[in-house]
Amino acid sequence: MTAASVFEFDTLTVDVYGQTQEQRRLSAPHRIDDLGQGIMLELVAVPGGNFRMGAPNTEEGWHPSQTPQHTVTIAPFWMGKYPVTQAQWSVVAALPKVNHPLPPKPSCFTGATRPVEQVSWQDAIEFCDRVSAQTGRRYRLPTEAEWEYACRASPMPTGDIPVSEDVRSTTSTTPFWFGETITTELANYSGIDWEYEGKVCSKGSYGKGTTGSDRRETTAVGSFAIANAFGLYDMHGLVREWCVDCWHDSYNGAPADGTAWIENSTTDQRVLRGGSWNSGPKACRSAFRSKLNPDTHLYDVGFRVVAEG
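None of these values were measured; they are calculated from a predicted model. (Residues numbered from 1 in each chain as written. Predicted model: local features only at pLDDT ≥ 70, side-chain atom pairs only at ≥ 80, totals over all residues. Heavy atoms only, no water.)

**Q** Is there a simple way to think about the pattern of salt bridges in this case?
**A** A pair can form between side chains of opposite charge whenever their charged atoms are brought close. Tallied over the full model, the rule gives 18 salt bridges. Here E42 ties to K81 by a salt bridge, and the two come within 2.8 Å at their closest N and O atoms. Note that E42 is positioned in strand β3 (residues 39-46) and K81 in the loop between β6 (77-80) and α1 (86-93), a separation of 39 residues in sequence. By relative accessible area, which is 24% here, E42 ends up partly exposed. By relative accessible area, which is 4% here, K81 ends up buried. (Salt bridge = Lys/Arg side-chain N within 4 Å of Asp/Glu carboxyl O. Helix = DSSP H or I, 4+ residues; strand = E, 2+ residues; numbered from the N terminus. Buried < 20%, exposed > 50% of the residue type's maximum accessible area, 1.4 Å probe, protein only.)

This is the structure in structure tokens:
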């Protein structure tokens, strides 16, 4: 494990049409854990704070499961800069089993720097347990509240802060951390209209933005070279990401302290966040939630990790 250091990254905001409004160079604390065989896992420091979780019913793509909006307080934590890659998976899958075996190469789209996919929630938990044993630090999946808080980090407008200020982020209330819309130049999702029986069943554009490309596969993590204000890449699209929480149909009774919500669920299904290469833009919003059984393996499902200590 290396000591914490600082890395620089590019971030931006877009206008309602998806055009770059302001591009900035920021820095954030990060650290690197050695998984073995020369493979590293990069982590970004996510500062604590308060944010408004969920979506208003005026937001395009809104669903009742994203309400009621509520204020959540988040403690600081470390989060994977990228979704877990296939190279990282391969090394960890070869480590000693903690609870159950891991497939060495589960992914449909192969590439060392592409995100691992076709991993179940149970597989992701096992991955975290093995990394914990390897590094001596506790690794886990993010809670749903942590994930949305981390996703919403947006660069603060230049005019609102002194030039010397280190903290240059705010919690976005827009559908995406960079603004009101999304483009396929910024994220890997399906940017075309899908039709069924002559009617559009899934739009490739969002808000006043335009349609775009449809890659039909994963891309290498960090391909778009743009991070949010915490220094996290690929929070919209690429692969859906497991959270530790059980699924609840709404936020009624949800914890206000950012901890995992396991109790009082009527199902064993677990939460997924972030959308994927196979999703339309509505499903890539910061507030979007989906669910799957914990033993499900799908070609657009991966994860990123959180580390404590």
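**Q** I'm lost on the packing of α1 against helix α2 (residues 121-135) in this one. Help?
**A** If you want to describe how two helices pack, look at the angle between their axes and the distance between the axes. Relative orientation of the contacting elements α1 and α2 amounts to 70°, with a least axis distance of 10 Å. Of the possible angle classes, the one that applies to α1 and α2 is roughly perpendicular. For the pair α1 and α2, the crossing hand works out as left-handed. Where α1 abuts α2, its residues Q88, W89, V92 and A93 lie against D123, F127, R130 and V131. (Axes fitted to C-alpha atoms, helices over the stretch in contact; angles between N-to-C directions. Parallel < 35°, antiparallel > 145°, perpendicular 65-115°, else oblique. Left-handed = near helix turned anticlockwise from the far one by under 90°. Contact = heavy atoms within 4.5 Å.)

**Q** I'm lost on α1 in this one. Help?
**A** A turn of α-helix holds 3.6 residues, and therefore any two residues three or four places apart point the same way. For α1, a buried count of six out of eight residues is recorded, marking the element as mostly surrounded by other parts of the structure. By the burial criterion, the buried members of α1 are Q86, Q88, W89, V91, V92 and A93. For α1, the secondary structure elements touched by its buried residues are β2 (20-36), β3 and α2.

**Q** So what exactly am I meant to see when it comes to the environment of D245 here?
**A** For D245, the location among the structural elements is in strand β12 (residues 240-246). For D245, a relative accessible area of 3% puts it in the buried group. Residues D245 and Q21, spaced 224 residues apart in sequence, show a C-alpha to C-alpha distance of 35 Å. Discounting residues that sit within four places of it in the chain, D245 has contacts with P142, T143, E144, T259, A260, W261, I262, Q269, R270 and V271. There is a polar contact of 2.7 Å between the side chain of D245 and the backbone nitrogen of E144. (Polar contact = N/O pair within 3.5 Å; in protein donor to acceptor, adjacent residues only side chain to side chain.)

**Q** Explain the sheet that holds strand β14 (residues 290-292) to me, please; I cannot follow it from the model alone.
**A** Where strands meet in a sheet, backbone hydrogen bonds hold them as pairs that are either parallel or antiparallel. Strand order in the open sheet formed by four strands is β14-β13-β12-β15, with mixed pairing between adjacent strands. Single-partner strands in this sheet number two, and they are β14 and β15 (301-302). Direction of pairing for β12 relative to β15: parallel, over a ladder of two bridges. When the sheet's bridge partners are listed, E241 is paired in β15 with G302. (Pairing = 2+ DSSP bridges.)

**Q** Sorry if this is basic, but what is going on with the pairing of strand β1 (residues 5-14) here?
**A** Regular strands show a simple pattern: their side chains alternate between the two faces of the sheet. Taken together, the 10 bridges between β1 and β2 define a ladder with antiparallel strand orientation. The residue of β2 that forms the bridge with T13 is E22. In sequence, β1 turns back onto β2 through a hairpin of five residues, with G18 there showing a positive phi of about 90°.

**Q** Mind showing me how you'd approach the packing of aromatic side chains here?
**A** We describe a pair of aromatic rings using the distance from one ring centre to the other and the angle between the two ring planes. Under the defined criterion, the tally for this structure stands at 12 aromatic pairs. Between F176 and F178, the aromatic rings sit 6.1 Å apart at their centres with planes inclined by 15°, giving stacked as the arrangement. Here F176 matches F178 in class, with each residue buried. Here the aromatic rings of W277 and Y299 are separated by 5.6 Å at their centres, their planes lie at 40°, and the arrangement is tilted. With W277 in the loop between β13 (270-273) and β14 and Y299 in the loop between β14 and β15, this pair connects stretches of sequence that are 22 residues apart. Ring-pair connections join several aromatic residues into one group, and the members of that group are F176, W177, F178 and Y206. Looking at R270, its charged tip hangs above the ring of W121, at a distance of 4.0 Å from the centre. A cation over an aromatic ring shows up here: R289 above the ring of W247, its NZ or CZ 4.1 Å from the ring centre. (Phe/Tyr/Trp six-rings, centres within 6.5 Å; stacked < 30°, edge-to-face > 60°. Lys NZ or Arg CZ within 6 Å of the ring centre and 35° of its normal.)

**Q** Please clarify how the environment of G191 should be interpreted in this entry.
**A** Position of G191 relative to the elements: it lies in the loop between β9 (169-171) and β10 (194-196). Taking the relative accessible area as the measure of exposure, G191 reaches 0% and is therefore buried. Remark: the alpha-carbon pair of G191 and S202, spanning 11 residues in sequence, is separated by 9.6 Å. With residues up to four places along the chain from it excluded, the contact list for G191 reads T184, G204, T211, G212, S213 and D214.

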